[in-house]
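Letter by letter, the chains look like this.
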Amino acid sequence: MAEATANGLGQHALHATHAEQAAATAVAHAEVHQEHPIKLYLVVWAWLFILSTCSYLVDYFGIHGYLRWSLILIFMMLKAGLIVAVFMHMAWERLAMMYAIILPPILVLVFVTMMVFEADYTLLTRIAFFGPGP
Amino acid sequence: MTETTLTHTGQLDRPKGWRGITADWSSDQRAFKNVSWGKAMMWIFLLSDTFIFGCFLLSYMTARMSTRVPWPNPSEVFALRIGGSEIPLILIAIMTFVLISSSGTMAMAVNFGYRRDRRKTAILMLLTAALGATFVGMQAFEWTKLITEGVRPWGNPWGAAQFGSCFFMITGFHGTHVTIGVIFLIIVARKVWRGDFDIGRPGFFTSRRGRYENVEIMGLYWHFVDLVWVFIFAFFYLW
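Residues numbered from 1 in each chain as written. Chains lettered and ligands numbered in written order. Predicted model: local features only at pLDDT ≥ 70, side-chain atom pairs only at ≥ 80, totals over all residues.

Describing the overall build of chain A
Quick note on the threshold: Put simply, DSSP marks the helices as runs of H or I at least four residues long and the strands as runs of E at least two long, and each gets a number from the N terminus on. The burial label depends on the number of other C-beta atoms within 10 Å of a residue's C-beta. Counts of 20 or more mean buried, 12 or fewer mean exposed, and intermediate counts mean partly exposed, with C-beta atoms placed from the backbone. What counts as a contact is two residues whose backbone-derived C-beta atoms lie within 7 Å of each other.
The helix and strand tally for chain A stands at 5 helices and 0 strands. Secondary structure elements of chain A occur, N-terminal to C-terminal, as α-α-α-α-α. Counting across all 134 residues of chain A, residues that qualify as buried make up 16%. Taking as baseline every contact in chain A between residues at least 6 positions apart, the subset at least 24 positions apart corresponds to 42%.

If you want it as structure tokens, here you go:
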């Protein structure tokens, strides 16, 4: 009925009825069936343990430089992905929901880039005024 | 469909003036078709919380990049002496495992909730709360250890002064989230145990009838707390 008021035209209203009914059944469907086998959660749980151990071992073995940073980031993204997709059930949501929630945090990367430039500038200024550190 | 009255000119018969503004803005356009309002609002809250933690981590990055003084090595700062040898970051590793385990029990609680297994749901939620409380306890231990070693928001014995303020701000805010989560887990677990969601008993605050979906919404918050810890662990402790 929402679509009908928005379109304001008879034939479109007819169209919208079907869409609305489809949406209504989808509602009932999704709210009943957000249910998955326990085994899935146990597998994800095990993977989270493995990935955490891996990222801890990166520090334990004292890996340094770009290898360290890339390993940390890879393990971090895999863990975050598993938690959001399976534990928070995002993998079974509609695309509209996924984009609304996941896209905005990715845009924070723009802010990160800005602050990287800003931090470099601050460091240069500090070195120029106070010398290259104690 | 009964409310949609089309006049013969093809124009919509909608209320005018202030009533019209209210009616138009509240007209039932629904973006998230198969997500209930409770779940959608929790997701949007979590999104805003993501920005808060994002800003904390960003300011930490800026502070760490712009200081001339070397940053204290977290691997050594958070090491514990167990059995005569220094083990790097061991306390943080244990905290990570505890929090991941609590996420696992929470996911299973949601599952048993939808299967209407009241007993198992409540027990798993209380287990989650217990693991969360353990996490907060270990964090309190960590704070005490660092404070006795002389870490303050304005300085520390090992290097860049900003280390203390970043540490207390980020982990403190995360610990607060865990604490609030534990409190709400206990409240929801009590409701499940009493069978509030089976008989549709009105909630004490909103007086709305709860459903087992409330367990899932609670779970979303709890998994988010775990998610934030994944990022803090990577960027603050391991970097």
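Description of the overall build of chain B
Note the following rule: For the radius of gyration, the atom set is restricted to C-alpha positions; the globular benchmark scales as 2.2 Å times the number of residues to the power 0.38.
A tally of helices and strands in chain B yields 8 helices and 2 strands. Going from N to C terminus, chain B has its helices and strands arranged as α-α-α-β-β-α-α-α-α-α. Over its C-alpha atoms chain B spans a radius of gyration of 24 Å, topping by over 25% the 18 Å that the globule rule assigns to 239 residues. Principal-axis analysis of the C-alpha atoms places the extent of chain B at approximately 85 × 45 × 25 Å. Burial status across chain B gives 34% buried among its 239 residues. Intrachain contacts of chain B at a sequence separation of at least 6 include 68% that bridge at least 24 residues.

A word on helix H5 (residues 95–130) of chain A
Residues and elements named next belong to chain A. Keep this limit in mind: To estimate the expected span of a helix, subtract one from its residue number and multiply by 1.5 Å. Note on bend: the value at a residue is the angle between axes fitted to the seven residues ending there and to the seven starting there.
An ideal rise of 1.5 Å per residue puts 52 Å on 36 residues; H5 measures up with 52 Å between its terminal C-alpha atoms. The largest bend along H5 measures about 30° and falls at Leu 103, with the proline Pro 104 one to four residues further on. Positive phi shows up at Gly 131, right after H5, with a value of about 90°.

Digging into the packing of helix H5 (residues 118–148) of chain B against helix H6 (residues 162–194) of chain B
Residues and elements named next belong to chain B. Applicable threshold: Angles run from 0 to 180 degrees between N-to-C directions of axes, and those axes are lines fitted to C-alpha atoms, restricted for helices to the stretch in contact. Under this scheme an angle from 65 to 115 degrees is roughly perpendicular, one under 35 degrees roughly parallel, and one over 145 degrees roughly antiparallel; angles in between are oblique. Take the far helix as your reference; a near helix turned counterclockwise from it by less than a right angle gives a left-handed crossing, and one turned clockwise gives a right-handed crossing.
For the pair H5 and H6, interaxial distance at closest approach is 9 Å and the crossing angle is 160°. Classified by the interaxial angle, the pair formed by H5 and H6 is roughly antiparallel. Along this stretch, H5 crosses H6, giving a crossing that reads as left-handed. Seen from H5, the contacting residues are Arg 118, Thr 121, Ala 122, Met 125, Leu 126, Thr 128, Ala 129, Gly 132, Ala 133, Phe 135, Val 136 and Gln 139; seen from H6, they are Thr 171, Gly 175, Val 178, Thr 179, Gly 181, Val 182, Leu 185, Ile 186, Val 188, Ala 189, Val 192 and Trp 193.

Concerning the nonpolar core
The cut-off we apply is this: A set of buried residues drawn from Ala, Val, Leu, Ile, Met, Phe, Trp, Tyr and Cys, joined through C-beta atoms within 7 Å, is what defines a nonpolar core.
If you look at the biggest cluster of nonpolar residues, it comprises 67 residues, and the most contacted ones within it are B:Ala109, B:Met125, B:Leu185 and B:Phe233. Looking at this core, the elements with two or more residues in it are helix H3 (38–60) and helix H4 (66–87) of chain A together with helix H2 (37–66), helix H4 (90–114), H5, H6 and helix H8 (213–238) of chain B. Per-element tally for this core: the top contributor is H8(B), with 18 residues. What B:Ala109 contacts, discounting residues up to four positions off in sequence, is B:Thr121, B:Leu124, B:Met125, B:Thr128, B:Val215 and B:Gly219.

Brief notes about the environment of B:Phe168
Counting through the fold element by element, B:Phe168 comes out in helix H6. Linking B:Phe168 and B:Val151, residues 17 residues apart in sequence, is a C-alpha distance of 9.6 Å.

So, the confidence of the model for chain B
Here is the rule we go by: Across the chain, each position has a pLDDT score giving the predictor's confidence in that residue, from 0 to 100.
Mean pLDDT over chain B stands at 88; residues scoring 70 or higher make up 94%. Under a pLDDT of 50 for its full length, residues 1–7 of chain B has, in the predicted model, 12 contacts with residues more than four places off or in other chains.

Topic: the domain arrangement of chain A
Condition: By convention here, the domain bounds are inherited from an automatic or database domain assignment.
Examined at the domain level, chain A breaks down into domain 1 (1–33), domain 2 (36–92) and domain 3 (93–134). With centres defined by C-alpha atoms, the gap from domain 2 of chain A to domain 3 of chain A works out at 23 Å.

A look at H4(B)
All names here are of chain B. Given a rise of 1.5 Å per residue, 25 residues ought to cover 36 Å, and the 37 Å separating the end C-alpha atoms of H4 matches this to within 8%. With respect to burial, H4 is a largely interior element, 18 of its 25 residues being buried. Positive backbone phi, at 60°, marks Arg 116, one or two positions downstream of H4.

Considerations on unusual backbone geometry
For A:His89, which is not a glycine, the phi torsion comes out positive at approximately 65°. Among the secondary structure elements, A:His89 is positioned in the loop between H4 and H5. A positive phi angle, near 60°, is found at B:Arg116, a position not held by glycine. For B:Arg116, a count of 11 C-beta atoms within 10 Å puts it in the exposed group.

Comments concerning the environment of B:Ala122
Residue and element names in this part refer to chain B. Along the polypeptide, Ala 122 turns up in helix H5. Taking the C-alpha atoms as reference points, Ala 122 and Ile 186, 64 residues apart in sequence, are found 8.9 Å from one another. Beyond its immediate stretch of four places on either side in the chain, Ala 122 contacts Ala 189, Val 192 and Trp 193.

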